[in-house]
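Here is what each chain is made of, one letter per residue.
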Number of protein chains: 2
Amino acid sequence: MMAVEQVLIAGVWRKAAAKSTFKTVNPATGASLEAEFPVSDWQDCEDALNAAVAVAKELRAVSAEKLAAFLDLYASKLEDHTTVLVETANVETGLPITPRLKDVELLRTTTQLRQGATAAREGSWTHAVIDTKANIRSHFAPIGPVVVFGPNNFPFAFNGISGGDLTAAIATGNPVIAKAHPLHPATSKLLAECAVSALADTGLPPETIQMLYHIDNEDGLRLVSDPRIGASSFTGSRTAGLRLKAAADSAGKPIYLEMSSLNPVVLLPGAVVERGEKLAVELADSCLAASGQFCTSPNLILAIIGEGTEQLSKDLVGILEERTPGLLFAAGSVDALDESVHALMDEGAKALTGAERVIGDGYRYKNTLLRTTAEQFLANPERLQREAFGNSTMLVTADDVAQLQRVLEALEGNLTGSIYSSTTGEDDAIYAKIACGLRFKVGRLLNDKMPTGVALSPAMNHGGPYPSTGHPGFTSVGIPAALRRFGVLQCYDNVRADRLPAVLQDNASNPSMWRQVDGSWVRG
Amino acid sequence: MMAVEQVLIAGVWRKAAAKSTFKTVNPATGASLEAEFPVSDWQDCEDALNAAVAVAKELRAVSAEKLAAFLDLYASKLEDHTTVLVETANVETGLPITPRLKDVELLRTTTQLRQGATAAREGSWTHAVIDTKANIRSHFAPIGPVVVFGPNNFPFAFNGISGGDLTAAIATGNPVIAKAHPLHPATSKLLAECAVSALADTGLPPETIQMLYHIDNEDGLRLVSDPRIGASSFTGSRTAGLRLKAAADSAGKPIYLEMSSLNPVVLLPGAVVERGEKLAVELADSCLAASGQFCTSPNLILAIIGEGTEQLSKDLVGILEERTPGLLFAAGSVDALDESVHALMDEGAKALTGAERVIGDGYRYKNTLLRTTAEQFLANPERLQREAFGNSTMLVTADDVAQLQRVLEALEGNLTGSIYSSTTGEDDAIYAKIACGLRFKVGRLLNDKMPTGVALSPAMNHGGPYPSTGHPGFTSVGIPAALRRFGVLQCYDNVRADRLPAVLQDNASNPSMWRQVDGSWVRG
């Protein structure tokens, strides 16, 4: 029998304080994997918290250059371990090695880490504001230990131990306690080993990054509300997110959540007539990417009734039936998807195709298209906005523009919203009518583009109104904006020059940093 | 009998839906004032919310110039009504007409409004980020109707109808529902009349600003959690703030709170020896300003035991006894202060002077100095951090620097923290030891300066760690930073050029606005 895997606490791999363990399953075969991982007791959290508090103080004296060097080196080490990382992640998640894991997600992860390094070196994220006349200066400083809860759907790029939240927390000078997702612990272990090695090589304190594989829900609630942390972040289901939010809120601890999103795609009549066939392919590609297991997968397609829409609906059914259903992450993913699809059908949505499990090897569900009317949707908007996480989407047809507008008004907050319109201008009047309604329901508004690509751009917003996230002013993707979540505003009033942080002194210590001095942004 | 005053809803002064009314009392005489104000029922809130939703949409099409023109004109109208405003506020609050109301607070209010106008015109608060290569663009847009709960202690500058939160909300293009404080309704009415007149003269929708005088606590909780609002802000007691926070949080609505703060002032030994006598005067001035009824009044003085500290303590007692106790706002203020002072004494603090009511006309309490040891403080840090709002402060003496450090570590989050040190460098080693501990407990760190002046500087932070506020990343004073609270991050991904907001188009429509284009801040 293999020993239970060790957790990374206080700078060392050690035996977990754990009453139970878990194993994972290969979603392609249903076979249980051999390694056994601990479900940490509170004692592990307690030890991690104490180590994090101590190292948070140490990190305040560490240069941004050193943090950046770590992030760069961590990226390189991930690249050095590409083969084992992608193979392990493939076995645990069923995501294909190419292009997804190797060419897309690992690249995304190393790019994020390097962008974080650049942002740390550059320093502008601290938003230094200097009022020389009043001798008042402010900037954003590290918020304190950050607890990151990673989701099931990105074993690298959103993993608590290697993803965007870790990158942002480290780039802002905060230690991280990563709660890995229990569906890919072996991948998380490999990532953590790279992190540990990069910390050592860079000379950063080994306690800077800690990792637990799994904890009880109750301990998660304690963790996000513990006075020792600065903030926490969570990507995952709405149910879990709202419980964590309630706990963190009641303790006055910032928590940044990405919880759920239907990502409505509005197809205006001119676009449907002009390029309906092409749109059906684009929709299918987007809905089936990663078997629909993206936060930005389109769960809702809105169109106005008509011949073009009927044809598009048929085309989409055809493509969905033609394509082999992809793997879902776990048996529970299939169950949850089936439950959601049937809950939507119970509210009146009709299944045009799919809506049942695939019999055979691996966790699969038939590619699914549901359909309902705007009238039905408006009669029960809350229940018909249930997220069906996976390879399922729902077409809602409106009788006219006015009804479409009412559907948009009834939407909850979403990460994204897309509008496809004719290239020749014939949808422009409708666009003008509906865009504003959608605009205030989504964090990112797209034109003629599916939402599933979330570019690593400084202008990206991977956030949105509640309940897609917990606060509409923050983004989890896009550097340096994502760093702001882990900063705390600190002001210096009449503080003697030699006691100011270097970045707030009259002469900038960092020539690359933008600072706002007496109302102007200046550099160097 | 006078008619009950009308509320400002949906652009008109109208009879409130109210089951009860209230009157105010002149704190200088205890005499009841004649005017009768309504405690609005939920129906008034409901009507205000509906009007706010409608006007929020209208405001999206209004130019920043028009918003700015309103703010400027509102400031001018306040100046035109100086005499009646300061006289009315004086009668309701007991605050002196000069210098406080006329020369300080009204000027502060008009300055804020004009700074808000400048920020709206300038436009940089929207933090436009443009990635031309990816054609992704983002900026902060209006969050939606803002509900502002004003405090008792600033009838102009923090009033929901005229203060910094209203300024920030309007400058960002959001309508405001002001909940005036029931201790100064007549002042609020006059301010609202100026606002209404300025809205009309500028041609802004009259529904842009609405005002209720008073509502039940339960309706306040409903208001901050109503799906129709964008956000709310509150300045006041911790008890009320935490109740509102819980309600808003559970509905996923941002709420910005300023709740309580002890504003520790640390006197290092060299400074005490060097200028103890002067420090006693500075402390007394700061503690007694507005009878200690500032959010930033020093409630906690920390010093190391020694001859200098003993002398300073005596000097301070002398000054406090010599000065006439100022007016407090209401009978309830005296009760609350007395209760807090005695609660601190129950925990072992000794009263060196004061600690009792003043018999005679007006609501007054004796200028009070309590004293306790760091040891006692550390034995019960939570109870000994009870805020005593008013003309009372507490000296805590530590045996040595290490004990002082432990006291700082035991502090809750505060708005400010001050350190006084010798001008000749002999406290520098102690400063280096303790400053970091204090830094992360406060939003604004001061040197050799009392916290009670909150300059209207872009670098100001009038915020701080919980529970002084609800989130350590925001400030309620300092423009444009304070505006950010009422913005929502909106991204445009591949949106056609002519559909972009003007400020995100390639060619800036506003030459004064700073935008981050492909990594550089550029203007014009």
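Reading the values: the criteria
Residues numbered from 1 in each chain as written. Chains lettered and ligands numbered in written order. Predicted model: local features only at pLDDT ≥ 70, side-chain atom pairs only at ≥ 80, totals over all residues. Heavy atoms only, no water. Helix = DSSP H or I, 4+ residues; strand = E, 2+ residues; numbered from the N terminus. Buried < 20%, exposed > 50% of the residue type's maximum accessible area, 1.4 Å probe, protein only. Contact = heavy atoms within 4.5 Å. Areas by Shrake-Rupley, 256 points an atom, 1.4 Å probe, with all protein chains shown as cover. Axes fitted to C-alpha atoms, helices over the stretch in contact; angles between N-to-C directions. Parallel < 35°, antiparallel > 145°, perpendicular 65-115°, else oblique. Left-handed = near helix turned anticlockwise from the far one by under 90°. Nonpolar A, V, L, I, M, F, W, Y, C, P; charged D, E, K, R; others polar. Domains from an automatic or database assignment. Salt bridge = Lys/Arg side-chain N within 4 Å of Asp/Glu carboxyl O. Polar contact = N/O pair within 3.5 Å; in protein donor to acceptor, adjacent residues only side chain to side chain. Buried area = accessible area lost by both parts, 1.4 Å probe. Pairing = 2+ DSSP bridges. Arc of directions from axis to C-beta. Least-squares fit on C-alpha atoms with pLDDT ≥ 70 in both. Right-handed = clockwise from strand over helix to strand, strands pointing away. Expected span 1.5 Å × (residues − 1). Core = buried A, V, L, I, M, F, W, Y, C linked by side-chain atoms within 4.5 Å.

Chain A is annotated in an unreviewed UniProt entry as NADP-dependent aldehyde dehydrogenase from Granulicella arctica.

Draft legend 1. Representation of the overall build of chain A. Along the backbone of chain A there are 14 helices and 21 strands. Its C-alpha atoms give chain A principal-axis dimensions of roughly 75 × 65 × 40 Å. Evaluated residue by residue, chain A yields a buried proportion of 62% over its 524 residues. In chain A, the share of contacts with a sequence separation of at least 24, taken over all contacts with a separation of at least 6, comes to 75%. Split by element, the accessible area of chain A, about 17800 Å² in all, is 53% carbon and sulfur.

Draft legend 2. Structural context of the packing of helix H2 (residues 64-80) of chain A against helix H6 (residues 185-202) of chain A. Residues and elements named next belong to chain A. Running from N to C, H2 and H6 cross one another at 140 degrees; their axes reach a closest spacing of 9 Å. Here H2 is positioned oblique relative to H6, judged by the angle of their axes. In this structure, H2 crosses over H6, and the sense of that crossing is right-handed. On H6, the residues touching Lys 66, Ala 69, Phe 70, Leu 73, Tyr 74, Lys 77 and Leu 78 of H2 are Leu 191, Cys 194, Ala 195, Ser 197, Ala 198, Leu 199, Asp 201 and Thr 202. Taken together, the residues of the contact of H2 with H6 sort by class into ten nonpolar, two polar and three charged.

Draft legend 3. Here's a closer look at the domain arrangement of chain A. Residues and elements named next belong to chain A. Entries for chain A in the domain assignment read domain 1 (39-124 + 137-259 + 474-483) and domain 2 (265-447). Taking only C-alpha atoms, the centre of domain 1 and the centre of domain 2 are 32 Å apart. Tallying the contact residues gives eleven residues for domain 1 and eleven residues for domain 2. In this assembly, domain 1 and domain 2 are joined by one salt bridge. The salt bridge partner of Arg 238 is Glu 412, with a shortest N-O separation of 2.8 Å. Inspection of the region where domain 1 meets domain 2 yields two residue pairs in polar contact (both at pLDDT 80 or more). A per-class count over the side of domain 1 that touches domain 2 returns four nonpolar, four polar and three charged.

Draft legend 4. Just the interface of chain A and chain B, in detail. Taken together, the contact between chain A and chain B spans 65 residues of the former and 66 residues of the latter. Together, the buried faces of chain A and chain B total about 5600 Å²; carbon and sulfur atoms form 51% of this surface. At the boundary of chain A and chain B, one finds ten salt bridges. The partner of Arg 444 of chain A in a salt bridge is Asp 493 of chain B, and the shortest N-O contact between them spans 2.6 Å. The interface formed by chain A and chain B contains 46 residue pairs in polar contact (both at pLDDT 80 or more). Breaking the side of chain A that touches chain B down by element, the ones donating at least two residues are helix H1 (42-60), strand S5 (128-131), strand S6 (136-142), helix H8 (238-250), helix H14 (428-439), strand S18 (442-447), strand S19 (487-493) and strand S21 (520-523) of chain A. The element that contributes the greatest number of residues to the side of chain A that touches chain B is S19 of chain A, accounting for seven residues. Residues belonging to the side of chain A that touches chain B are distributed by class as follows: 27 nonpolar, 21 polar and 17 charged. By the bridge criterion, three bridges tie S18 of chain A to strand S19 (residues 487-493) of chain B in an arrangement that is parallel. Within S19 of chain B, the position partnered with Leu 446 of chain A by the bridge is Asp 493 of chain B.

Draft legend 5. Region of the structure containing helix H13 (residues 401-409) of chain A. All names here are of chain A. All of the buried residues in H13 are Val 401, Gln 403, Leu 404, Val 407 and Leu 408. Burial along H13 is one-sided: seen end-on, the buried residues are contained in an arc of 160 degrees. Contacts made by the buried residues of H13 are with strand S12 (265-267), strand S13 (300-304), helix H12 (374-379), strand S16 (392-398) and H14.

Draft legend 6. Region of interest: the relation of the copies chain A and chain B. The operation relating chain A to chain B is a screw motion whose rotation component is 180 degrees, with 0.0 Å of axial translation and a residual RMSD of 0.0 Å. In the structure described here, the two chain copies are related by an operation that fits a two-fold rotation axis. In this assembly, 100% of the residues forming the interface of chain A have copies in chain B that are likewise at the interface, indicating an isologous arrangement.

Draft legend 7. Broad picture of the pairing of strand S7 (residues 146-149) of chain A. Residue and element names in this part refer to chain A. On S7, burial covers both faces: Val 146 and Val 148 on one face and Val 147 and Phe 149 on the other are all buried. Pairing analysis gives four bridges linking S7 to strand S8 (residues 176-179), with the strands arranged parallel. Bridge pairing in S8 links Val 146 to Val 176. Considered for its hand, the β-α-β crossover made up of S7, helix H5 (residues 164-171) and S8 is right-handed.

Draft legend 8. Quick look at the sheet that holds strand S21 (residues 520-523) of chain B. On the basis of which strands lie adjacent, the open sheet formed by twelve strands has the order S14(A)-S15(A)-S16(A)-S13(A)-S12(A)-S17(A)-S18(A)-S19(B)-S6(B)-S5(B)-S20(B)-S21(B) and mixed pairing. Since the sheet does not close on itself, it has two edges, and those belong to strand S14 (350-353) of chain A together with S21 of chain B, each with one partner. Each strand axis lies, on average, 25 degrees off the axis of its neighbour in the sheet, ignoring direction. Where strand S15 (residues 368-373) of chain A and S16 of chain A come together, six bridges link them in parallel fashion. Paired with Arg 371 of chain A across the two strands is Leu 395 of chain A, which belongs to S16 of chain A. Helix-sheet contacts for helix H11 (residues 331-346) of chain A involve S14, S15 and S16 of chain A, and the interaxial angle to S15 of chain A is about 25 degrees. Contacting S12, S13 and S16 of chain A, H13 of chain A crosses the sheet at an angle of about 160 degrees to S13 of chain A.

Draft legend 9. Molecular detail of H8 of chain A. Here H8 of chain A spans 18 Å end to end across 13 residues, near enough to the 18 Å set by a 1.5 Å rise per residue. In this structure, the buried side of H8 of chain A is in contact with S7, helix H7 (217-224), strand S10 (231-235) and strand S11 (255-258) of chain A together with helix H8 (238-250) of chain B.

Draft legend 10. Focus on the sheet that holds S19 of chain A. The strand order S21(A)-S20(A)-S5(A)-S6(A)-S19(A)-S18(B)-S17(B)-S12(B)-S13(B)-S16(B)-S15(B)-S14(B) describes an open sheet built from twelve strands, whose pairing is mixed. Both edges of this open sheet fall to S21 of chain A together with strand S14 (350-353) of chain B, since each of them pairs with a single strand only. When strand polarity is set aside, the average angle formed by the axes of neighbouring strands in this sheet is 25 degrees. The strands touched by helix H11 (residues 331-346) of chain B are S14, strand S15 (368-373) and strand S16 (392-398) of chain B; relative to S15 of chain B, the strand with the most contacts, the crossing angle is about 25 degrees. Of the strands in this sheet, S19 of chain A together with strand S12 (265-267), strand S17 (414-420) and strand S18 (442-447) of chain B touch helix H14 (residues 428-439) of chain B, which is tilted by about 150 degrees from S18 of chain B.

Draft legend 11. Looking closely at the nonpolar core. In this structure, Phe 70 and Tyr 74 of chain A together with Phe 70 and Tyr 74 of chain B are the most contacted members of the largest nonpolar core, which totals 168 residues. Contacts of Phe 70 of chain A, omitting those with residues within four sequence positions, involve Ile 170, Ala 195, Ala 198, Leu 199, Thr 202, Leu 204 and Ile 209 of chain A.

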